Every structure is written in structure tokens, then in C-alpha cells.
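Coordinates in review
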Amino acid sequence: MGVPDDDDSDTVIIQKGKGGEEPNVITVNCPDKTGLGCDISRTILDFGLHIIKGDVSTDGIWCYVVLWVVPQSSSSKVRWKNLKVRLVSVCPSCSVSIYLNQPSPPAISSPVYLLTFCSSDRRGLLHDVNQVLSELELTIQRVKVTKTPDGHAVDLFFITDNLELLHTKARQDETYEQLRAVLGESCDFELQLAGSKYDNLQYISSLPPSVAEELFRCKIGDNEFHAQALSSDMTKLKKASVTIDNSLSPGHTLLQISCIDHKGFLYDIMRTLKDFSIQISFGRFSPVNKGQRELDLFIRQKDGRKIVDPEKQDAICSRLKVEMLHPLRVIIANRGPDTELLVANPIELSGNGRPRVFYDVTLALKNLGICIFSRSEGIVQQIVIGKFTESC
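Criteria and cut-off values
- Residues numbered from 1 in each chain as written.
- Predicted model: local features only at pLDDT ≥ 70, side-chain atom pairs only at ≥ 80, totals over all residues.
- Heavy atoms only, no water.
- Helix = DSSP H or I, 4+ residues; strand = E, 2+ residues; numbered from the N terminus.
- Buried < 20%, exposed > 50% of the residue type's maximum accessible area, 1.4 Å probe, protein only.
- Contact = heavy atoms within 4.5 Å.
- Areas by Shrake-Rupley, 256 points an atom, 1.4 Å probe, with all protein chains shown as cover.
- Pairing = 2+ DSSP bridges.
- Axes fitted to C-alpha atoms, helices over the stretch in contact; angles between N-to-C directions.
- Parallel < 35°, antiparallel > 145°, perpendicular 65-115°, else oblique.
- Left-handed = near helix turned anticlockwise from the far one by under 90°.
- Nonpolar A, V, L, I, M, F, W, Y, C, P; charged D, E, K, R; others polar.
- 1 Å grid on protein atoms, 1.4 Å probe; cavity = no way out; pocket = protein on both sides within 12 Å on 5 of 7 lines; lining within 4 Å.
- Points joined across faces, edges and corners; volume = space filled by probe spheres on them.
- Core = buried A, V, L, I, M, F, W, Y, C linked by side-chain atoms within 4.5 Å.
- pLDDT = per-residue confidence, 0-100.

Quick notes on the overall build of the chain
- Assigned secondary structure in the chain consists of 11 helices and 16 strands.
- Across the 392 residues that make up the chain, the buried fraction comes to 46%.
- For the chain, the share of sequence-separated contacts (at least 6 apart) that also reach a separation of at least 24 residues comes to 67%.
- Total accessible area computed for the chain in this model is approximately 19700 Å², and 53% of it derives from carbon and sulfur atoms.

Details of the sheet that holds strand β2 (residues 24-31)
- Strand order in this open sheet of 8 strands is β1-β2-β4-β3-β11-β12-β10-β9, and the pairing throughout is antiparallel. For this open sheet the edge positions go to β1 (12-15) and β9 (241-245), each flanked by a neighbour on one side alone. Averaged over all pairs of adjacent strands, the angle between their axes in this sheet comes to 25°, without regard to strand direction.
- Bridge count between strand β3 (residues 49-58) and strand β4 (residues 62-71): 9 bridges; the pairing is antiparallel. Paired with Leu 49 across the strands is Pro 71, a residue of β4.

A closer look at the packing of helix α4 (residues 125-135) against helix α5 (residues 169-183)
- The contact between α4 and α5 brings their axes to 10 Å, and the two run at 150°. Judged by the inter-axis angle, α4 sits roughly antiparallel to α5. α4 and α5 meet at a crossing whose hand is right-handed. Across the interface between the two elements, Leu 125, Asp 128, Val 129 and Val 132 of α4 pack against Gln 178, Leu 179, Val 182 and Leu 183 of α5.
- Taken together, the residues that form the contact of α4 with α5 break down as 6 nonpolar, 1 polar and 1 charged.

Description of the sheet that holds strand β5 (residues 113-120)
- Read across the open sheet, the 4 strands follow the order β6-β7-β5-β8; overall the sheet is antiparallel. Each of the sheet's edge strands pairs with one partner strand only, and the pair in question is β6 (138-147) and β8 (188-193). Geometrically, the sheet is characterised by an average inter-axis angle of 15° between neighbouring strands, direction not taken into account.
- Pairing of β5 with strand β7 (residues 152-161) involves 8 bridges; the strand directions are antiparallel.

Side note on the pairing of β6
- As defined by bridge partners, β6 adjoins β7 across 9 bridges and the pair is classed as antiparallel. Of the residues in β7, the one forming a bridge with Arg 142 is Phe 158.
- Hairpin connection from β6 to β7: 4 residues lie between these consecutive antiparallel strands, with Gly 151 at a positive phi of about 85°.

A closer look at empty space enclosed by the protein
- Tallied over the full model, the rule gives 3 cavities of 30 Å³ or more.
- Elements with a contribution of two residues or more to the lining of the largest cavity: α1 (36-46), β3, β4, α9 (265-275), β11 (278-285) and β12 (292-301).
- With 6 residues, the single largest contributor to the lining of the largest cavity is β11.
- Of the residues assigned to the lining of the largest cavity, the class counts are 15 nonpolar, 7 polar and 5 charged.
- A volume near 180 Å³ is recorded for the second largest cavity.
- Lining the second largest cavity are 20 residues, and of these Arg 122, Gly 124, Leu 125, Leu 126 and Ile 372 sit closest to its centre.
- Looking at the lining of the second largest cavity residue by residue, the class counts come to 9 nonpolar, 5 polar and 6 charged.

Things to note about unusual backbone geometry
- Even without glycine at this site, Glu 137 takes up a positive phi of about 60°.
- In this structure, Arg 356 is a non-glycine residue whose phi angle is positive, near 65°.
- Along the chain, the position of Arg 356 falls in the loop between β14 (338-344) and α11 (357-367).

Here we look at the environment of Gly 291
- Assignment of secondary structure puts Gly 291 in the loop between β11 and β12.
- Among all residues touching Gly 291, those that are not within four sequence positions of it are Cys 259, Ile 260 and Asp 261.

Remarks on the nonpolar core
- Counting 47 residues, the largest nonpolar core has Ile 26, Ile 40, Ile 44 and Ile 257 as the members making the most contacts within it.
- The greatest single-element share of this core, amounting to 6 residues, is contributed by α9.
- Sequence-distant contacts of Ile 44, defined by excluding residues within four places in its chain, comprise Ile 26, Leu 49, Ile 51, Leu 67, Val 69 and Leu 87.
- Counting residues in each nonpolar core, the second largest holds 31 residues, with Leu 115, Leu 126, Val 361 and Ile 370 among its members.

A look at the confidence of the model for the chain
- Here the chain averages 80 in pLDDT, and 79% of its residues register 70 or above.
- Low pLDDT (under 50) marks residues 1-8, which in the prediction has 15 contacts with non-local residues, meaning those over four places away or in another chain.
- Confidence over residues 225-230 falls short of pLDDT 50; this stretch has 6 contacts with residues more than four positions distant or in other chains.

Observations regarding the packing of α9 against helix α10 (residues 310-325)
- Packing of α9 against α10 brings their axes to within 10 Å, and their N-to-C directions diverge by 150°. With respect to their mutual orientation, α9 and α10 come out roughly antiparallel. Between α9 and α10 lies a crossing of right-handed hand. Contact residues: Phe 265, Asp 268, Ile 269, Arg 271, Thr 272, Leu 273 and Asp 275 in α9; Ile 316, Arg 319, Leu 320, Glu 323 and Met 324 in α10.

Written out as C-alpha cells, the structure reads:
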């Protein structure tokens, strides 16, 4: 049975798996647009869900998508009703204006709030707060973390509310209640509009040219393994297969992808194709087989033509290989007496960054027993900088 909703629209239908053992099925049925697959997969990733398989088909006007998803963590709390609302919001409207090609109203940016709290410091604190904010659908835009000499953490989170309700007392009380459940009653909180405090932080810390070049370069060379020791699975990513075939369909180009599975695999592919303005007419995303992902997509250019230009074919294949090899760029660097972890992820041409990067980074550090002891600053969706030590 689909998740109940006051809106009886069939644009998005969610069927929850039985007993928590079967995957949940998300069906999207709406007008088509270039990049719709990217927007859908990004939203699903943002809710902490993993797409295990999927099918998509479109006639260029109407699109039908079926995705089988499971939570990435057994402890994740998925707000299914809110997920449906978010998915409907990224789908084109069925109104007459779509068919008349009338422009959509300009998007209004969400106000940025400053959440300040002070509490006793402990290992994993930053991730625990991050998890609460993620479950509340509060997006972290920027964060500053400071550890005081007396063992307290003073954290500044610049956040936006996906529900656009943070100005209400009920929403603020819900946020305080969830945070106190994690941090304890002794914590002090303050929530206010960020205003100029956020504007004054709109910069990225200076990086040595050599570090910046390695972190942000677009191409990965054959010698790129020198900077870090990779696991056997990561080494296999080097052998990822991306092929383009124009012989099987008179009107479409077949794109075939095979590589080691990783979190956000489908999003990384859809994001890349969206940036190239590629339309997907039919696609099948197979379940993991011995750690491998297989994806077959029949695609075409925005003008409806096949992709026959060899240079464009090479550009698409090369970019896809780079994104599968390094969906995130991770560098550990020494700057003076401190050790810094730098993580950068690609940004869509639309300006959206990869969801939950800061969440995943803080979770990894918590699981490794590594403490962020000084300050983390940066535009979270672009770069996260954390100074850490193995002894807190």
C-alpha cells in the first residue's frame, strides 16, 4: 500500500516492502524533462536511501520510472511522506503551461539560519548532530566547529530547511527536542536567521597550489594512485567499462556501463548526463552481481539526435569514468602542526552538490575513532575541511 497522502495524485507512488526485508518501490509517472533522472536520484540519496535496481522509459513527452530502494543504514528514519512531497516537487507539472513551454517561476532561495550550540565534547558528537539535522530535513550549508580548552564544543551550523517551516515555533521546538535527545539537557541552543554572519563566511580557505590542483583536477592520470593506498575494490574501479554503440537502434545511442558498486552510483551517472544535456529514453539498472553494477541506457541529445560525434562520445565516456573512479576527492595533508582532511565533490551545473557528503565524512571519522578537534569550514557541498587527531 502506498504511503497515505492528502494529495491523491499518482505522480509519485511509494510501496513499502513487507516486514522491512523486501525493498521499497518508488514509481514516478510524470511529464519528461532533461535531467529528471538526476533530480530523482539526488532526492532519494538525500533521504538516505540506496537504489538497488531500476527501470526508466519515456517517449520524450511522458516519463515512467520504477526504482527499488532500501535504507543505507538500519538505524535510518525515513520520512516517506516527506520523500513523496520532495519527489513530486522535482517532477514537471502536468499543467497546460508545460505544453505551451511557458517558463517556470524563478526559484526562491531558502533563508539561512544559524544554529549555535555548546556542549561537552565527545568523540562522534559532530556526526550525531549531523544525523539529527539530516533526519529533520535540515540541510547544512556551512559549519564551524571549535573545541575550547575546558573540553567543550562550540558549534555553528548554517542551515536551511527543506520544509520551509523553520520560522515557526513548532518546527524550532521539534529541532530543539531532537537535539536534546542526543546531546542532553545541559546543552545550550540558539537559533536565528544568519543574515550577514553567513555572508561574511562566503569564501574557501586558501590551499597550497599543489593540493588544490590534485583536489580539483578534472582528469585522473595513470599515476594517480601515488597519493593514496587504494583497496582492491578501488583498484578495480580503474577498469570500469563505459561503451557507446550506435548500431543497435536507428534513433538512439546505447550507453553501457559496468563498474564496482559505490554509494550514489546512479546519481553520479545521471548528474553527468544532465550536465551534457543528454536525454534518456530507456534504461535498466541491474542489481549488484559480485560487487559489479551494470547499466544499459538508450540515450540521445537534447535535439533528439543520436550521439555520433566521436569527440563528444569520448568526452562523455571519459567524464563518466572519472566520476566512477572518484565520485569524491579525498586528500590528507599536513599544514603546520595540524593534519587536515580535505574532501571535494563535483557540483552540478545547476549548482546542486552531492547530498550528505558532510554526513558521510563525519560518520567515517566516528567509525575510525578519529576526532575533529579544531575547526571545519567550507561550503559543505563543495569542500569539507576537518582538522583531526587520533587522541582527543
